[in-house]
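# Chain and residue survey
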Amino acid sequence: VVQYLKKATHQQTRIYNSQLVLKTIYDQGPISRASVARLTKLNRATVSELVAELIERGLVAEIGRGRSTGGTLPILLSVVDDALHLISLDLSGEMFTGAVVNLRGEIRHRLVASQPARDGAQAEAMVYELVDALQAATQHPLLGIGIGAPGLIDSEKGTILEAVNLGWRNLPLGQLLRERYFLPVHIANDSQVAALAEQIFGECASQSSLIVIKINRGVGSGIVVDGRLYQGEGFAAGEIGHVRVVENGQPCRCGNTGCLETVASCSAVLRQAVELAAQTSDSVFFTRNGQSGSITLEELTRALQAGDPLACQVVQKAGYYLGIAIAYMVSTLNIQRVLLTGDITIFGQPWLETIRATVRQRILPKLASKVQIDINCLGTDVVILGASALLLTSELGLSLAHYAVPSQIVKEVQLMEMGGGQ
Ligand SMILES: [Zn+2]
């Protein structure tokens, strides 16, 4: 047993060191072997050996010679961005979307499902249809499949515990896909992967902690703490959509009433606009739609920009309630960076300013001056990129954002290496 454990630990150390070298080349490249050794604090022989293996696997290439202060010019290494492709799916929208993505998060092919899913079985079939089509679209070897899906997800097992909109309950989607495609599969909640995307590919790439709030039909959030996706004790960290913010409020699809989702989501805003249309005589929606008409997000945005009182009222109300929720989050976690994503960000500045003002008024002034709230930069690809980030971090350790290795283990690894030949 001791022998087995030693062997297992040695293998883990080797995998960890290999990922560390790959990540260093990924982040810092083009870079010489000597610089990799200096940055990783691994000895040069180990780095050379690991680099040789990465070159053999096709993940890293020698791309030329760099500058030198004297002596021979060092050979520079770089990660081969298209060495492996990823299949990434976004199951959070009305239409499933998928993409073939390279190791840099660059989208090579993109697909949208042929129709919206009507029930659980059809939704599952559409996932296979998308993966089949994406697999056929690339000639490159695949790293695996990454998925951002709505609802409560056990990311360790890859099981969808509950996704009400899709009619999925305890669906072992990860296992089903692994058995079908013989590829690694990683699944997490769409808002959680959105946070990973912003942390790895977005302009918050250097930020060690951030909150990303995603607002479409529902409201959810993803939390990155100290460079690590925080999923909580039951994978539900950031599920703020069903916290009650209005007493005696509207019934919610979860069974309760007055949830944040019933006042701050896209559907809530549109519903309220329709309800108010009959009573607001000075609104553009008054005569045109009356009580029973429907209003689209785009129409409401145009009215908002024109200063329509009804549009201003409903958008401000949505921002106000979201602001309250954000105030609690930033105060509880002491995270200063908040990014907003999803269809509702179409409302832009008036909505954003209401949120900022509401948060400012509701937290300790000293904290308020440091909190920065913005609309995200990755746009509609955020879940696709997040699913890619989940896969990259889980399979290649290309960022330590997910399953991060604590610093004391890093030290242990170095000690073991100095001890030699375990
Ligand atoms: Zn609810």
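To be clear, the structure that these remarks concern was listed above.
Residues numbered from 1 in each chain as written. Predicted model: local features only at pLDDT ≥ 70, side-chain atom pairs only at ≥ 80, totals over all residues. Heavy atoms only, no water.

## Overview of the overall build of the protein chain
- Scanning the protein chain for helices and strands turns up 15 helices and 16 strands.
- Seen through its C-alpha atoms, the protein chain measures out along the principal axes to roughly 80 × 50 × 45 Å.
- Counting every position in the protein chain, which comprises 422 residues, the buried fraction comes to 51%.
- For the protein chain, restricting intrachain contacts to residue pairs at least 6 apart in sequence, the fraction spanning at least 24 positions comes to 61%.
- Of the roughly 20000 Å² of accessible surface on the protein chain, a fraction of 51% belongs to carbon and sulfur atoms. (Helix = DSSP H or I, 4+ residues; strand = E, 2+ residues; numbered from the N terminus. Buried < 20%, exposed > 50% of the residue type's maximum accessible area, 1.4 Å probe, protein only. Contact = heavy atoms within 4.5 Å. Areas by Shrake-Rupley, 256 points an atom, 1.4 Å probe, with all protein chains shown as cover.)

## Focus: unusual backbone geometry
- In the segment running from Gly 29 into Pro 30, the intervening peptide bond is cis, with an omega of 0 degrees.
- One can find Pro 30 in the loop between α1 (2-28) and β1 (31-32).
- One non-glycine residue, Lys 41, lies in the positive phi region at around 60 degrees.
- Tracing the backbone through its elements, the reader meets Lys 41 in the loop between α2 (33-40) and α3 (44-56).
- Phi is positive for Asn 248, which is not a glycine, with a value near 55 degrees.
- For Asn 248, the position within the fold is in the loop between β14 (228-230) and α7 (261-264).

## Structural notes on the sheet that holds strand β15 (residues 337-341)
- As summarised here, the arrangement of the five strands in space is β14-β13-β12-β15-β16, forming an open sheet in which the pairing is mixed. The open sheet has two edge strands, β14 and β16 (372-375), and neither has a second partner. Each strand of the sheet is rotated relative to its neighbour by a mean of 25 degrees, with strand direction disregarded.
- Looking at chain direction, strand β13 (residues 219-225) and β14 are connected through three bridges and run antiparallel. Within β14, the residue paired with Val 225 across the bridge is Arg 228. (Pairing = 2+ DSSP bridges. Axes fitted to C-alpha atoms, helices over the stretch in contact; angles between N-to-C directions.)

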